[in-house]
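In case you want the letters, here they are:
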There are 2 protein chains.
Amino acid sequence: MTGRYGSIEAVLPEVRALLGERVTTSPDERRHHGTDEGWQDPAAPEAVAFPHSTEEVARLVRLCTEARVPVIPFGAGTSFEGGVGALHGGLCLDLSGLSRILAVHDSDLDCLVEAGVRRTQLEEHLGRRGLFFSVDPGADATIGGMAATGASGTTTVGYGTMREAVLGLTVVLAGGEVVHTGGRARKSSAGYDLTHLLLGSEGTLGVITEVALRLHGIPEASAVGRAGFAALAQAVQTAIEIMQRGLGPVRLELLDEVQVAASNAYSGLDLPRRPHLLVEFHGTPGAVAEQVAAAGEVAAAHGAQDWRSTSDAAERRRLWKIRHEAYYAARALRPAVRGMVTDVCVPLSRLADCIAETRADLDASGIPAPILGHVGDGNFHVVLLFDPEDPVESAQVRAAHDRLVQRALGMGGTCTGEHGVGHGKLRYLAAERGAAAVAAMRAVKAALDPQGIMNPGKVIPPE
Amino acid sequence: MTGRYGSIEAVLPEVRALLGERVTTSPDERRHHGTDEGWQDPAAPEAVAFPHSTEEVARLVRLCTEARVPVIPFGAGTSFEGGVGALHGGLCLDLSGLSRILAVHDSDLDCLVEAGVRRTQLEEHLGRRGLFFSVDPGADATIGGMAATGASGTTTVGYGTMREAVLGLTVVLAGGEVVHTGGRARKSSAGYDLTHLLLGSEGTLGVITEVALRLHGIPEASAVGRAGFAALAQAVQTAIEIMQRGLGPVRLELLDEVQVAASNAYSGLDLPRRPHLLVEFHGTPGAVAEQVAAAGEVAAAHGAQDWRSTSDAAERRRLWKIRHEAYYAARALRPAVRGMVTDVCVPLSRLADCIAETRADLDASGIPAPILGHVGDGNFHVVLLFDPEDPVESAQVRAAHDRLVQRALGMGGTCTGEHGVGHGKLRYLAAERGAAAVAAMRAVKAALDPQGIMNPGKVIPPE
């Protein structure tokens, strides 16, 4: 495959002429930029460029197109499926220099940011104005990276994923053309939905340089409820009934017993070591009080042992910090080994079965593997902690992962609820979507990137 | 252009062999199937086929592909931008025979329907189970047609458009390949988002034959508030403040003075002849009571003269019937002439200016032209009632329409909030999206429909 591509040497002089010191071939930088938080082997790019504007990105992509050099966008490196790996060499575009919040329109509840803006940077900026942006993956990802992977998070059950949050994108296509995919209207039916085509395309169709986002006013009232359960199934059934009764949670998260133990150790807590559910509601004070009371009744009916709710802001922050640190807590269960983080999503009616079968399967394997997730969406994560130097463990983990994905697909679910395909899940795409759908994706890819230079080897399985 | 396409005669014998009596070349059927509710000249297809399954659609599309015969899907014929016109002849596929509700999954809040299912048919079916589907364009459109145009409606401000409502599609692509674009998981990041690429593509990329939809439970409580205002600007400002305060309406509709007069006459009402706002809230009883009270305060602060609210189901239905009949009421203002129905959508902060300037412009023209719309989204409609035989009126209407679109684009808005491009708005697409975006759309179209047989002449402007 690599023979299709041109040498980095063909573009480096011009890249240096354009960016000066803002391009490097340092081994450390290359290694860092070819590594994400996933379990796939890193693959370093041949050089790393640090553009500061859409125009610079466009010029770099044009150079790479002319020389057939792969282009790999890099945000914060927090992806899980190997999205940043330079599988065919090429030039990494580190977009952290595109870090300006260009506009916030308070009265329209939207904003425009550059792709390198971090999630927490935006949160802080908006909070001072009484606004918030809803999508919150655990990591402090960039907004551009979140758009490129179609990210979601704990609030997706209430506010949606990046697919609902993004109004439009500025994208540099192969060849260097700059496209604006959407305007500032809250809805439009003007032509093909290039915004959603690019969301989740993981850099394989273009480089996202600007993102227009829907925002929300910070709600008048918020409350969090939490409960521990004797059995995992009780926690899952509580979540399902909260959804099916239409109580309207904006967060609905499960931590299984293994994860609670990990979080206690990592975050210095003393939660009872049993499966927990956390649920949050936003709205007017009366509404939130009604919702949280109803959720408490559902939990009690399913055997909750210590339902507590709070509207105190500090207490709410403390509880959600546990959730946002969960991945790092899980990793700390077995430091110095690799964590394979994966996620699947199934219809709500199959969630209890899917989690129960998965827990039993993992327990049988003996591999430490917390389960946690966005159960209101039917989405859950497994962190498998294994020693990649140990061939037995590695094989066990791969087999357990395969069984997990097949289990989810067999239940009408998806091989990836929110982490994307990267190259870690390429082999499941045709099984899930069918050969005809993959062929249509391949045709779209060939149309927009005829040379195949945009993040090659990702999303679209080889023919 | 027509020279690119093959003759219908090349496929008719095989279509007849496949469908028997379910294909016709009757002039009446052809005329009917080339006509929608828009103002563009009708264009009759050469023949109309009535398939009953995805497999039959696939076989028909395969025949047409082999003979380079245009394929034009037809749902209920309720589009406004000429989407059903057979501009280059060809075979119309009337999908009304794909009318089965294939599955309703109560506990997952989703369903699977064939493309020809009508909106009200689904509503009735779901209502018996305590569920509802949220997207409600005025017309009794088919679900497939609504997916193909990316439709929205009065509840979009609360529940979203078809883009938020559709989980996945079954689509027959050019060549006859059948693609399933999504599964039943509430979210997925498995590959390119073909679902959203097809939504709003208006039959130009494929024929939608099945649609999986998100559903909602019928809310515990609902209430509607309505008020008349002395001035249009007061009504618009009330709508904007309801949105900006985050009160969470699920419907927020404006009828201007001209529309109120039309609706009084058509629906036998006696609303005071002044601009009106209708707003609806869904939720738990306490929440709805808080929301509707807050909306009443906002309306009063903007000079509402007769704020009333009700949670009575019959009264609510009566009010929304006015809104759903509004288009027919507007047409009845000047029977026997044509109505040009158009819509634009702008950022909320520009909505008051956009409506005020439009009202003044229309009044100056002397053409009867009610304004109404989904103002919570920044989206409004104008129905221009003109005599197409009168060259002066026709020219006036076209010029007023051009000015309306330019005004919306100048305010950062879109030339079409929900009606689509069809061929009525082709000439505005490049001005709104830019040449590079249109070129990308054209590349996608060429990739999925290399012969250009899928609903030719729509959405993508000629080069």
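Please read these numbers as outputs of a predicted model, since none were measured by experiment.

A word on the overall build of chain A
Piece 1. Within chain A one finds 17 helices and 18 strands.
Piece 2. The C-alpha atoms of chain A give 22 Å as radius of gyration, which agrees with the globular expectation for 463 residues (23 Å, within 12%).
Piece 3. Seen through its principal axes, chain A has C-alpha atoms that stretch 65 × 55 × 45 Å.
Piece 4. Across the 463 residues in chain A, those meeting the buried criterion constitute 60%.
Piece 5. Put simply, of all contacts in chain A between residues at least 6 apart along the chain, 73% involve residues at least 24 apart.

A look at the relation of the copies chain A and chain B
Piece 1. For the pair chain A and chain B, the superposition axis carries a translation of 0.0 Å, the fit reaches an RMSD of 0.0 Å, and the rotation angle comes to 180°. Here the symmetry operator amounts to a two-fold rotation axis. Across chain A, the rotation axis passes nearest the C-alpha of Ala287 of chain A, at a separation of 2.1 Å.
Piece 2. A shared binding surface is used by both copies, with 100% of the interface residues of chain A retained as interface residues in chain B.

Notes on the sheet that holds strand S9 (residues 178-180) of chain B
Piece 1. If you walk across this open sheet you meet the 5 strands as S5-S6-S10-S8-S9 (chain B), and the pairing is antiparallel. The sheet terminates laterally at strand S5 (101-105) and S9 of chain B, the two strands that pair on one side only. Sheet twist, expressed as the average angle between the axes of neighbouring strands with direction ignored, equals 15°.
Piece 2. Across the face of the sheet, helix H17 (residues 435-448) of chain A comes into contact with strand S8 (166-173) and S9 of chain B while running at roughly 90° to S9 of chain B.

Digging into the domain arrangement of chain A
Residue and element names in this part refer to chain A.
Piece 1. Each assigned domain of chain A is listed here: domain 1 (2-96), domain 2 (98-217), domain 3 (221-328) and domain 4 (330-420).
Piece 2. Spacing between the C-alpha centres of domain 2 and domain 4 amounts to 29 Å.
Piece 3. Each side of the interface is counted separately: domain 2 has 9 residues, and domain 4 has 5 residues.
Piece 4. Within the side of domain 2 that touches domain 4, the residues separate by chemical class into 2 nonpolar, 6 polar and 1 charged.

Brief notes about the packing of helix H9 (residues 232-244) of chain A against helix H11 (residues 285-301) of chain A
Angle between the axes and distance between the axes: these two values describe a pair of packed helices.
All names here are of chain A.
Piece 1. Two numbers describe how H9 lies on H11: the axes approach to 9 Å, and their chain directions differ by 140°. Judged by the inter-axis angle, H9 sits oblique to H11. Seen from above, H9 lies across H11 with right-handed handedness. Between H9 and H11, the residues in contact are Thr238, Glu241 and Ile242 and Ala295, Val298 and Ala299, respectively.
Piece 2. Grouping the amino acids of the contact of H9 with H11 by side-chain chemistry returns 4 nonpolar, 1 polar and 1 charged.

Here we look at helix H15 (residues 391-410) of chain B
All names here are of chain B.
Piece 1. Compared with an ideal rise of 1.5 Å per residue, which puts 20 residues at 28 Å, H15 spans 28 Å between its outermost C-alpha atoms and is within 8% of the ideal.
Piece 2. When H15 is considered as a whole, its buried residues turn out to be Val397, Ala400, Leu404, Val405 and Ala408. One side of H15 carries all its buried residues, which in axial view fall inside an arc of 135°. Across from the buried face of H15, at angles greater than 90 degrees, the exposed residues are Pro391, Val392, Ala395, Ala399, Asp402 and Gly410.
Piece 3. Turning to H15, the residues buried within the fold contact strand S16 (338-345), helix H14 (348-365), strand S18 (379-386) and helix H16 (426-433).
Piece 4. With its phi angle positive at about 80°, Gly412 sits one or two positions after the end of H15.

Thoughts on unusual backbone geometry
Residue and element names in this part refer to chain A.
Piece 1. With a phi close to 55°, Glu202 is a non-glycine residue in the positive phi region.
Piece 2. For Glu202, the location among the structural elements is in the loop between helix H8 (194-198) and strand S10 (206-214).
Piece 3. If you check the backbone angles, Val459 has positive phi at about 65° while not being a glycine.
Piece 4. You can see Val459 is positioned in the segment after H17.
Piece 5. The buried category is assigned to Val459, around which 29 C-beta atoms lie within 10 Å.

Re the interface of chain A and chain B
A common way to state how big an interface is: give the accessible area lost once the parts meet.
Piece 1. On the chain B side, the residues contacting the 74 residues of chain A number 74 residues.
Piece 2. Going through the elements one at a time, strand S9 (178-180), H8, H11, helix H14 (348-365), helix H16 (426-433) and H17 of chain A are the ones with two or more residues in the side of chain A that touches chain B.
Piece 3. Broken down by element, the residue count for the side of chain A that touches chain B peaks at 9 residues, all from H17 of chain A.
Piece 4. Per-class residue counts for the side of chain A that touches chain B are 28 nonpolar, 34 polar and 12 charged.

Description of the sheet that holds strand S12 (residues 221-228) of chain A
Residue and element names in this part refer to chain A.
Piece 1. Strand order in the open sheet made by the 7 strands is S15-S12-S14-S13-S17-S18-S16, with antiparallel pairing throughout. Whereas interior strands pair on both sides, the edge strands pair on one side only; in this sheet they are strand S15 (308-310) and strand S16 (338-345). Between one strand and the next, the sheet's axes are offset by a mean angle of 15°, whatever the strand orientation.
Piece 2. Bridge analysis of strand S13 (residues 251-255) against strand S17 (residues 371-373) gives 2 bridges, and the strand direction is antiparallel. Looking at the pairing, Leu255 lines up with Leu372 of S17.

Considerations on the packing of H9 of chain A against H14 of chain A
Residue and element names in this part refer to chain A.
Piece 1. Two numbers describe how H9 lies on H14: the axes approach to 9 Å, and their chain directions differ by 165°. What the angle tells us is that H9 and H14 run roughly antiparallel. Here the hand of the crossing between H9 and H14 comes out right-handed. On H14, the residues touching Leu232, Ala233, Val236, Gln237, Ile240 and Met243 of H9 are Leu348, Leu351, Ala352, Ile355, Ala356 and Arg359.
Piece 2. The residue inventory of the contact of H9 with H14, partitioned by class, reads 10 nonpolar, 1 polar and 1 charged.

Focus on the pairing of strand S6 (residues 110-114) of chain B
Residues and elements named next belong to chain B.
Piece 1. For S6, the tally of buried residues reaches 4 of 5 residues, placing the bulk of the element in the interior.
Piece 2. Bridge count for S5 against S6 is 4 bridges, and the pairing is antiparallel. Bridge pairing links Ala103 to Leu112 in S6.
Piece 3. The hairpin formed by S5 and S6 contains 4 residues between the paired strands, and Leu109 there has a positive phi angle of roughly 55°.
Piece 4. Here 5 bridges tie S6 to strand S10 (residues 206-214), and the two strands are oriented antiparallel to one another. Within the sheet, the bridge partner assigned to Glu114 lies in S10 and is Glu210.

Description of the environment of Phe133 of chain A
All names here are of chain A.
Piece 1. Assignment of secondary structure puts Phe133 in the loop between strand S7 (131-132) and helix H5 (143-149).
Piece 2. Phe133 gets classed as buried once you count the C-beta atoms within 10 Å, which come to 22.
Piece 3. It is 19 Å that separates the C-alpha atoms of Phe133 and Gly200, two residues lying 67 residues apart in sequence.
Piece 4. What Phe133 contacts, discounting residues up to four positions off in sequence, is Leu122, Glu123, Leu126, Leu213 and Leu215.

As for the pairing of strand S13 (residues 251-255) of chain B
All names here are of chain B.
Piece 1. Judged by how many residues are buried, S13 sits mostly within the fold: 5 of 5 residues are covered.
Piece 2. One ladder, built from 5 bridges, connects S13 with strand S14 (residues 276-283); its direction is antiparallel. Each residue of the ladder has a partner; that of Leu252, found in S14, is Val279.

As for the confidence of the model for chain A
Piece 1. In the predicted model, chain A carries a mean pLDDT of 95, and the fraction of residues at 70 or more is 99%.
Piece 2. Here the predicted complex scores 0.96 on pTM and 0.95 on ipTM.

Notes on the environment of Ala147 of chain B
Piece 1. Its location among the elements puts Ala147 of chain B in helix H5 (residues 143-149).
Piece 2. A C-alpha to C-alpha distance of 16 Å links Ala147 of chain B and Ile101 of chain B, two positions 46 residues apart in sequence.

Describing helix H4 (residues 119-127) of chain B
All names here are of chain B.
Piece 1. Where H4 is concerned, the buried positions are Arg119, Leu122 and Leu126. One side of H4 holds all its buried residues, which, seen down the axis, span an arc of 65°. In H4, the exposed positions that point more than 90 degrees away from the buried face belong to Thr120, Glu124 and Gly127.

The rules we used
Residues numbered from 1 in each chain as written. Chains lettered and ligands numbered in written order. Predicted model: local features only at pLDDT ≥ 70, side-chain atom pairs only at ≥ 80, totals over all residues. Helix = DSSP H or I, 4+ residues; strand = E, 2+ residues; numbered from the N terminus. Rg over C-alpha atoms; globule rule 2.2 N^0.38 Å. Buried ≥ 20, exposed ≤ 12 C-beta atoms within 10 Å, placed from the backbone. Contact = placed C-beta atoms within 7 Å. Least-squares fit on C-alpha atoms with pLDDT ≥ 70 in both. Pairing = 2+ DSSP bridges. Axes fitted to C-alpha atoms, helices over the stretch in contact; angles between N-to-C directions. Domains from an automatic or database assignment. Nonpolar A, V, L, I, M, F, W, Y, C, P; charged D, E, K, R; others polar. Parallel < 35°, antiparallel > 145°, perpendicular 65-115°, else oblique. Left-handed = near helix turned anticlockwise from the far one by under 90°. Expected span 1.5 Å × (residues − 1). Arc of directions from axis to C-beta. pLDDT = per-residue confidence, 0-100.

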